[in-house]
Amino acid sequence: MSKLEIHFELVGETCACLQARPERGLNYTTPDLDLQRKIWHLAQQLRQQYSCRDIVPGMNNLTVIFDPSQDEGELWLSRLRQHWNEAKATNFQQRRIVIPTHYGGDHGPDLQVVAEHAELSPHEVVRLHSEAHYTVYFLGFQPGFAYMGGLPQRLTCPRRAEPRLLVPAGSVGIGGSQTGIYPSQSPGGWQLIAWTSITLFDPSLAAPSLLMPGDLVRFSVESCDV
Amino acid sequence: MFESSPQIEVLQAGIQSTIQDLGRFGHRHLGICQAGALDVPALMLANTLLHNPVDAAGIEVSVGPFALRFRQTTWFALSGADFGGQLDGKPVAPGWRYQAHENQVLTLHGPRRECRAYLALEGGIDVPIILGARATDLQAHFGGMHGRALRKGDILSLFESGSLPTPSTKKIKSIGVQQRKWTPEIRAVVGPEFQQFSKKAQHDFWHHAWTVTNQSNRMGFRLQGNRLDRHSKQELFSHGVTPGMIQVPPNGQPIVLLADAQTTGGYPRIACVIEADLWKIAQTPIGKSFCFIRTELSTARELACQARRDLQLITQQLQRYA
């Protein structure tokens, strides 16, 4: 892992960002989990102490969005710097969430594709996927959609060449080295291996998303059709 | 004893006419987009003309004809694009407020210039606040009218207002304010990945015209022009994105993000449209061209504050004509 430097900068007149960048000339392809823990902790702290439009953790970065006719960008940069210098990765308490999951058959039409790509049996794919612990790095793409890291390397699988026009809500998929669950019906290009009946997003709730950045997630096997 | 609230009935819905307010904030970390009016100052102005709160919900119309019937005597105001509006066949202009009587029909035919009209109604549209806003989130299917575009037959209730004169109390006067003028220059500040683009791309971005393609919608406007090449091949990690950011995907054709844009993205950000000019992007019709004008952050911020002061001034002046 190359050494990372933390940069603080304004993006447009509405965003103050903290971004990790590798030292000059070096490549950086795997996100740093300790750094991400600090980012989740920082997001929590900023949300408790200040008001602004939004605070969005990304992958090894954090964006504060403010109203330029009310707030000074430089003030936000100095707040970010100060809190970052005081933040500790260990201050973030992870929640643990278990997702009851139905693998294979109609629930996971691409299980065979993933198995063939990994040169494993479908049963081994299910075992590996359900034994692993996943971390929600950040949410995006659609409400409640969690980008989760921690997929066993063997299960890494490219996205479909042609995205599906309709992926059912609750579908569990693999996209590259990430796994995720589609909260609502939408188009999607990830390989679908399973499905859950659990509601991932409900806008009528005060906490509308089941999964939050920083959560630790495990899939439990409810059924397996291979 | 319940008083019935004023109502309007949608007679013709156009394509993707939606209920919008100033947008949904504070939930982007859950993947919930901003939504809200694409031309925010236009909706604010229309609401201000009616003494509504600036964040009252109104209707955004992009394709006409859109028509509605007033079920009670109600004030309304139009702003944004001129859609050749008519109240029972008599012309009504953007930037003005009017009083409609029971059973009168307002028709917005289609844009004569620019492309989005805003209709504010006295009191504002009474739809539930979901996650802090009334705006329609078309992709996540919530907010506004059951999370969808308006349809023929929809009945919308309005909040009681009472701050404007009623027929029995005063002689009714229409009133108007000057609308901003669209020009084909849109100001932007450089983005964090600007330096990763080739010298030619950096030059072309500011010095060549960009045309809005028909692949444009409330999420983003896709532009066409000289291909912008990036010399760095490094993939970026996903980061938070906001309306106004200009991303350049590998095909070299920029995309300007708008209110319905997803919350995170990973394409390089060559520049950001300034807040004060975001409405101009939203009001650029498909096929029309414009240029990006390089602006400093300090100017952008001053213009955002200026827009705020201008609206306050209009609000004060309108108080005299309650």
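Residues numbered from 1 in each chain as written. Chains lettered and ligands numbered in written order. Predicted model: local features only at pLDDT ≥ 70, side-chain atom pairs only at ≥ 80, totals over all residues. Heavy atoms only, no water.

Student: Would you mind showing me how to read the overall build of chain A here?
Tutor: Within chain A, the regular secondary structure consists of 4 helices and 13 strands. A globule of 226 residues ought to have a C-alpha radius of gyration of about 17 Å, and chain A, at 19 Å, matches this closely. Split into buried and exposed, the 226 residues of chain A put 56% on the buried side. Contacts in chain A between residues at least 24 apart in sequence constitute 61% of all its contacts with a sequence separation of at least 6. Of the roughly 10100 Å² that chain A leaves accessible, carbon and sulfur atoms contribute 49%. Averaging the locations of the 18 positively and 23 negatively charged side chains of chain A gives two centres separated by 5 Å. (Helix = DSSP H or I, 4+ residues; strand = E, 2+ residues; numbered from the N terminus. Rg over C-alpha atoms; globule rule 2.2 N^0.38 Å. Buried < 20%, exposed > 50% of the residue type's maximum accessible area, 1.4 Å probe, protein only. Contact = heavy atoms within 4.5 Å. Areas by Shrake-Rupley, 256 points an atom, 1.4 Å probe, with all protein chains shown as cover. Lys, Arg positive; Asp, Glu negative; His and termini not counted. Charge placed at Lys NZ, Arg CZ, Asp CG, Glu CD.)

Student: What's the story with the nonpolar core in this structure? I'm lost.
Tutor: The nonpolar side chains of a soluble globular protein tend to be buried with one another. All names here are of chain A. Formed by 34 residues in total, the largest nonpolar core has its most connected members in Met-148, Ile-181, Leu-211, Val-217 and Phe-219. Put simply, the parts of the chain that give this core at least two residues each are strand 5 (96–104), helix 3 (111–118), helix 4 (122–131), strand 6 (134–139), strand 7 (146–149), strand 9 (171–175), strand 12 (191–195) and strand 13 (216–225). With 4 residues, helix 3 is the single largest residue contributor to this core. Discounting residues that sit within four places of it in the chain, Ile-181 has contacts with Ile-99, Phe-145, Met-148, Gly-170, Ser-171, Val-172, Thr-196, Leu-200, Leu-211 and Phe-219. (Core = buried A, V, L, I, M, F, W, Y, C linked by side-chain atoms within 4.5 Å.)

Student: Please clarify how the sheet that holds strand 15 (residues 220–224) of chain B should be interpreted in this entry.
Tutor: Within a sheet, adjacent strands bond to each other through the backbone by hydrogen bonds, running parallel or antiparallel. All names here are of chain B. The 7 strands lie next to each other as 13-20-17-18-15-14-21, forming a closed barrel whose pairing is mixed. Adjacent strand axes in the sheet meet at a mean angle of 40° when their direction is disregarded. Here helix 2 (residues 199–207) sits on the sheet and contacts strand 13 (185–190), strand 14 (210–212), strand 17 (245–247), strand 20 (269–273) and strand 21 (289–294); the angle it forms with strand 21, its principal contact strand, is near 115°. (Pairing = 2+ DSSP bridges. Axes fitted to C-alpha atoms, helices over the stretch in contact; angles between N-to-C directions.)

Student: When you look at the sheet that holds strand 4 (residues 61–65) of chain A in this model, what are you seeing that I'm missing?
Tutor: Residues and elements named next belong to chain A. Taken together, the 4 strands give an open sheet; going across it, the order is 1-2-4-3, and neighbouring strands pair in antiparallel fashion. With one partner strand each, in any of the chains shown, strand 1 (4–11) and strand 3 (54–57) form the two edges of the open sheet. Strand-to-strand twist in this sheet, taken as the mean axis angle between neighbours without regard to direction, amounts to 15°. With 5 bridges joining them, strand 2 (residues 15–22) and strand 4 adopt antiparallel strand pairing. Note on strand 4: the bridge partner recorded for Gln-19 is Asn-61. Packing against the sheet, helix 2 (residues 73–86) makes contact with strand 1, strand 2 and strand 4, and its axis sits at approximately 160° to strand 1.

Student: What exactly am I supposed to notice about the pattern of salt bridges here?
Tutor: Evaluation of the coordinates by the stated rule reveals 24 salt bridges over all chains. Among the ionic pairs, Glu-114 of chain B bridges to Arg-113 of chain B, the shortest N-O distance being 2.8 Å. The exposure class of Glu-114 of chain B is buried, given its relative accessible area of 10%. Overall, Arg-113 of chain B belongs to the partly exposed group, its relative accessible area being 37%. Taking the shortest distance from any N to any O, the salt bridge between Asp-229 of chain B and Arg-227 of chain B comes out at 2.8 Å. A relative accessible area of 37% places Asp-229 of chain B in the partly exposed class. The class for Arg-227 of chain B is partly exposed, based on a relative accessible area of 45%. Each of Arg-53 and Asp-67 of chain A together with Glu-275 of chain B takes part in salt bridges that share partners, so that together they form one network. (Salt bridge = Lys/Arg side-chain N within 4 Å of Asp/Glu carboxyl O.)

Student: How should I be thinking about the environment of His-27 of chain B in this particular structure?
Tutor: Following the sequence through the fold, His-27 of chain B ends up in the loop between strand 2 (18–20) and helix 1 (40–49). With a relative accessible area of 17%, His-27 of chain B lands in the buried category. For the pair His-27 of chain B and Thr-263 of chain B, spaced 236 residues apart in sequence, the C-alpha separation works out to 9.4 Å. Leaving out residues up to four positions away in the same chain, His-27 of chain B has contacts with Asp-54 of chain A together with Ile-32 and Leu-131 of chain B.

Student: Help me out: how do you make sense of the packing of helix 3 of chain A against helix 4 of chain A in this one?
Tutor: What describes two packed helices is the angle between their axes and the distance between those same axes. Residues and elements named next belong to chain A. One way to put it is that helix 3 packs onto helix 4 with a least axis distance of 9 Å and a crossing angle of 95°. One way to sum up the angle between helix 3 and helix 4 is to call them roughly perpendicular. Counted together, Leu-111, Gln-112, Val-114 and Ala-115 of helix 3 and Pro-122, Val-125 and Val-126 of helix 4 form the full contact between these two elements. Looking at the contact of helix 3 with helix 4 residue by residue, the class counts come to 6 nonpolar, 1 polar and no charged. (Parallel < 35°, antiparallel > 145°, perpendicular 65-115°, else oblique. Nonpolar A, V, L, I, M, F, W, Y, C, P; charged D, E, K, R; others polar.)

Student: Mind showing me how you'd approach the packing of aromatic side chains here?
Tutor: Two numbers describe a pair of aromatic rings. These are the distance of the centres and the angle of the planes. Per the counting criterion, the structure on display carries 19 aromatic pairs over all chains. Taken together, a centroid distance of 6.3 Å and an interplanar angle of 45° make the contact between Phe-205 of chain B and Trp-210 of chain B tilted. In this structure Phe-205 of chain B comes out as buried when scored by relative accessible area, which is 0%. Among the aromatic residues, those joined into a ring-pair cluster are Phe-138, Phe-141, Phe-145, Tyr-147, Tyr-182 and Trp-190 of chain A. The ring centre of Trp-279 of chain B lies 3.9 Å from the NZ or CZ of Arg-180 of chain B, which sits over that ring. (Phe/Tyr/Trp six-rings, centres within 6.5 Å; stacked < 30°, edge-to-face > 60°. Lys NZ or Arg CZ within 6 Å of the ring centre and 35° of its normal.)

Student: Help me understand the confidence of the model for chain B, please; the structure alone is not making it clear to me.
Tutor: Close reading of the predicted structure is inappropriate where its pLDDT is low. Per-residue confidence for chain B gives a mean pLDDT of 93, with 97% of residues at or over 70. Complex prediction metrics read pTM 0.92 and ipTM 0.92. (pLDDT = per-residue confidence, 0-100.)

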